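Results of the structural survey
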Amino acid sequence: MMVHKTAESHLRSLDDGRRIYIDGACVEKVASHPAFRNAAQSVAGLYDFQSRPDQREAMTFETETGHRVSRAWQLPTSYEELVARREALVRWAELHNGFMGRSPDHVASTLSAMQMGLDVYEAHPGGRPGVVSDYYRYARDNDLYVSYVIIDPQGDRSKATGAAGNADLAVAIVDEDAEGITVRGSKMLGTGAVLSNEVLVTTLRPLKQDESRYAFTAAVPINLPGLTLLSRRSYEGSAGSVFDYPLSSRFDENDALLVFDDVKIPWERVFVDRDPACQLAQWHDTPAHAYQNYQAEIRLLVKLRFLVGLARKITETIGTSHFPQVRETLGELAGHVGMIEAFVYGMEAKGRHRGAYFVPDSGLIYAAQIQSQLLYPKIIHFLRELSGGGVLMLPSCVEDFEHPEIAPLIARTQFSPSLSSAERVKLFKLAWDAVGSEFASRHAQYEIFYSGPRTVTTGMAFRTFDWSQATGAVDRLLASYPTPELAGARSSNAPAVSAAE
């Protein structure tokens, strides 16, 4: 059985009449536009990789309909299947070294976990479990690249969503009939939306009962009439060459603001309809929120391994790898990566069954997020320290190597004990694109906030931690030795004496 989706079919699917604006113009062909073409090829490369005969078994599985699709859509029923799925996700992440944060396996993880939790939709009047199940199978069997928008534009965060000034910002239901719902407003942060086939439109934050018009979830084709994508500036479009910007030029998955101008969404695409309780429960009572962040930690592990490997290469290139203080730094970096790796393996080993499905431990997922938000800027800081001025004193661009007067100067000044001058420049160009370019700055911001502000991630860690085990240990120790009686005082457990007595 052949793999259902290929690189060619994905690139072809992007030419569907979608409305994307960037640099003051409407994009006609995403796959060939200078702002998106290389990133589109990188995404297509994921499907090309999984369709290779030598990768097909590891990267895909056969559904009951006979399609072979990405293991991102697999619903593990055992620890072994969960591990096999993770190994496939690692292989995909290694193709972009973790720099595509919303690659197709992210929202596929969300939708798969929603399918695992159909009982949650059944328990709420606004939940539509049949739609969730039908869409999961449709997206799975077509191996769709689905992105999502789950956050409202910032607006005035001191006021409620429906308050003056904010009311028309967020996407809301403005009408519904026998055919479906009509929505109007906007959503962010459509990471990867430009490159995807469809987008899941929903809200992650809690909604009040009087905010029911915002409490919907729907899967929307990117080319649906009335939907417009406003892209941020393309780092790929600004990259002079792959040599000068090896990451920016190929892995800029882009972010976009999605604007809905009376978009009609058919009922067969609506998961939740005007139900704030169901809107929130679909994230936390199903495995959805934990499962998508499990995928994110797998991706981050691949990315951190890459960055630590880059740190080691830099020190070897400038001859500092044997300095005691440098080895201490490299050892600390290795320890950070080892901690995230341990978290990922621990999530699986501590996993549990949810009905027929085996899911990773949510407590360790949220504990890992806390550490990840702290670690990424720290690792980038270490890379900056180890690189020093090496990432700044570089030739302006690859064309300098072809200039008869400049090239000899490069050969003389870009000396390394382990690399040629051209290889040294190549490595430090990569280092700059990872730590100092606009692409790198966006990634630093992304890794800190993609899972929510710190108050959100710490709140999830607080709610999922086994406090009874921790406080129980304290109680058992306190109970193992006597509590002294205070002379002349009543027991603290005795009823209090009233003033009248």
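Residues numbered from 1 in each chain as written. Predicted model: local features only at pLDDT ≥ 70, side-chain atom pairs only at ≥ 80, totals over all residues. Heavy atoms only, no water.

**Looking at the overall build of the chain**
The helix and strand tally for the chain stands at 18 helices and 14 strands. At 26 Å, the chain has a C-alpha radius of gyration in line with the 23 Å of a compact globule built from 501 residues. A principal-axis box enclosing the C-alpha atoms of the chain has dimensions of 100 × 70 × 50 Å. Counting only residues that meet the buried cut, the chain has 54% of its 501 residues in that class. (Helix = DSSP H or I, 4+ residues; strand = E, 2+ residues; numbered from the N terminus. Rg over C-alpha atoms; globule rule 2.2 N^0.38 Å. Buried < 20%, exposed > 50% of the residue type's maximum accessible area, 1.4 Å probe, protein only.)

**Topic: helix α2 (residues 37–50)**
Taking 1.5 Å of rise per residue, 14 residues should cover 20 Å, and α2 covers 20 Å from first to last C-alpha, within 8% of that figure. Restricting attention to buried positions, one finds in α2 the residues Ala 39, Ala 40, Ser 42, Val 43, Ala 44, Leu 46, Tyr 47, Phe 49 and Gln 50. (Expected span 1.5 Å × (residues − 1).)

**Things to note about the layout of surface pockets**
The volume enclosed by the second largest pocket comes to roughly 240 Å³. Elements that contribute at least two residues to the lining of the second largest pocket include exactly α13 (362–387), α17 (454–464) and α18 (467–479). Sorting elements by how many residues they give to the lining of the second largest pocket places α13 first, with four residues. For the lining of the second largest pocket, a count of residues per class yields six nonpolar, four polar and three charged. (1 Å grid on protein atoms, 1.4 Å probe; cavity = no way out; pocket = protein on both sides within 12 Å on 5 of 7 lines; lining within 4 Å. Points joined across faces, edges and corners; volume = space filled by probe spheres on them. Nonpolar A, V, L, I, M, F, W, Y, C, P; charged D, E, K, R; others polar.)

**Brief notes about the packing of aromatic side chains**
Tallied over the entire structure, the rule returns 12 aromatic pairs. An aromatic cluster is defined as three or more aromatic residues linked by ring pairs; in this entry it consists of Phe 99, Phe 306 and Phe 439. Sitting above the plane of the Tyr 47 ring, Lys 5 keeps its charged end 4.4 Å from the centroid. (Phe/Tyr/Trp six-rings, centres within 6.5 Å; stacked < 30°, edge-to-face > 60°. Lys NZ or Arg CZ within 6 Å of the ring centre and 35° of its normal.)

**With respect to a nonpolar patch on the surface**
Taken together, Val 474, Leu 477, Leu 478 and Tyr 481 make up a surface patch of nonpolar side chains, about 410 Å² in accessible area. Tracing the backbone through its elements, the reader meets Leu 478 in helix α18. A residue is classified by how much of its surface remains accessible, and Leu 478, at 47% relative accessible area, is partly exposed. (Patch = residues over 30% accessible without salt bridge, like charges linked within 9 Å, V, L, I, M, F, W, Y side chains within 5 Å. Areas by Shrake-Rupley, 256 points an atom, 1.4 Å probe, with all protein chains shown as cover. Salt bridge = Lys/Arg side-chain N within 4 Å of Asp/Glu carboxyl O.)

**Focus on the nonpolar core**
Among the nonpolar cores identified, the biggest contains 130 residues, and Leu 195, Ile 265, Phe 271 and Leu 307 are the most heavily contacted of them. Beyond its immediate chain neighbours, meaning those up to four positions away, Leu 307 contacts Phe 99, Tyr 376, Ile 379, Ile 380, Leu 383 and Ala 434. Judged by nonpolar contacts, the second largest core, of five residues, contains Ala 170, Ala 172, Tyr 214 and Ala 215. (Core = buried A, V, L, I, M, F, W, Y, C linked by side-chain atoms within 4.5 Å. Contact = heavy atoms within 4.5 Å.)

**Looking at the confidence of the model for the chain**
This prediction gives the chain a mean pLDDT of 93; 96% of its residues lie at or above 70. For the stretch residues 497–501, pLDDT sits under 50, and the model shows one contact to residues farther than four places along the chain or on other chains. (pLDDT = per-residue confidence, 0-100.)

**Section: the side chain of Gln 115**
Note that Gln 115 resides in helix α5 (residues 104–116). Beyond its immediate stretch of four places on either side in the chain, Gln 115 contacts Leu 75, Val 132, Ser 133 and Tyr 136.

**Description of the sheet that holds strand β10 (residues 227–231)**
An order of β2-β1-β10-β11-β7-β6 is seen for the six strands of this open sheet, with the pairing classed as mixed. On the outer flanks of this sheet lie β2 (25–26) and β6 (172–176), each paired with one strand and no other. (Pairing = 2+ DSSP bridges.)

**A look at unusual backbone geometry**
Leu 189 follows Met 188 through a cis peptide bond whose omega is 10°. Its location among the elements puts Leu 189 in the loop between β7 (180–187) and β8 (198–201). In this model, Asp 23 sits at a positive phi of 55°, which is unusual for a non-glycine residue.

**With respect to empty space enclosed by the protein**
Per the stated rule, a full pass over the model turns up one cavity of 30 Å³ or more. Here the largest cavity defines a volume of roughly 40 Å³. Around the largest cavity sit Leu 14, Asp 15, Asp 16, Gly 17, Arg 18, Ile 20, Val 27, Glu 28 and Val 30, which together line it. Residues belonging to the lining of the largest cavity are distributed by class as follows: four nonpolar, one polar and four charged.

**A few points about the packing of helix α11 (residues 288–317) against helix α16 (residues 438–449)**
Interhelical geometry of α11 versus α16 gives an angle of 140° and a closest axis separation of 13 Å. Relative to α16, the element α11 lies oblique. Between α11 and α16 the crossing geometry is left-handed. Residues Arg 299, Leu 300 and Lys 303 of α11 lie in contact with α16, whose contacting residues are His 443, Tyr 446 and Glu 447. Broken down by class, the residue content of the contact of α11 with α16 amounts to two nonpolar, one polar and three charged. (Axes fitted to C-alpha atoms, helices over the stretch in contact; angles between N-to-C directions. Parallel < 35°, antiparallel > 145°, perpendicular 65-115°, else oblique. Left-handed = near helix turned anticlockwise from the far one by under 90°.)

**Some details on the pattern of salt bridges**
Inspection of every chain in the model, using the stated rule, returns 29 salt bridges. Its salt-bridge partner being Asp 252, residue Arg 232 comes within 2.6 Å of it at the nearest N-O pair. Of this pair, Arg 232 sits in the loop between β10 and α8 (235–238) while Asp 252 sits in the loop between α9 (248–251) and β11 (256–266), placing them 20 residues apart in sequence. Between Glu 332 and Lys 378 there is a salt bridge, with its nearest N and O atoms 3.2 Å apart. In this pair, Glu 332 sits in helix α12 (residues 324–349) while Lys 378 sits in helix α13, placing the two residues 46 residues apart along the sequence.

**Thoughts on the sheet that holds β8**
Strands sit in the order β5-β8-β9-β12 across an open sheet of four strands; the sheet is mixed. Looking at strand neighbours, the two that pair on one side only are β5 (146–149) and β12 (270–273), the edges of this open sheet. Within this sheet the neighbouring strands show an average axis-to-axis angle of 25°, counted without direction. Where β8 meets strand β9 (residues 216–221), four bridges bridge the pair, whose relative direction is antiparallel. Residue Val 201 lies in a different strand from β9, and its bridge partner there is Ala 218. Contacts between α5 and the sheet are confined to β5, β8 and β12, with β5 contributing the most and set at about 80° to the helix.

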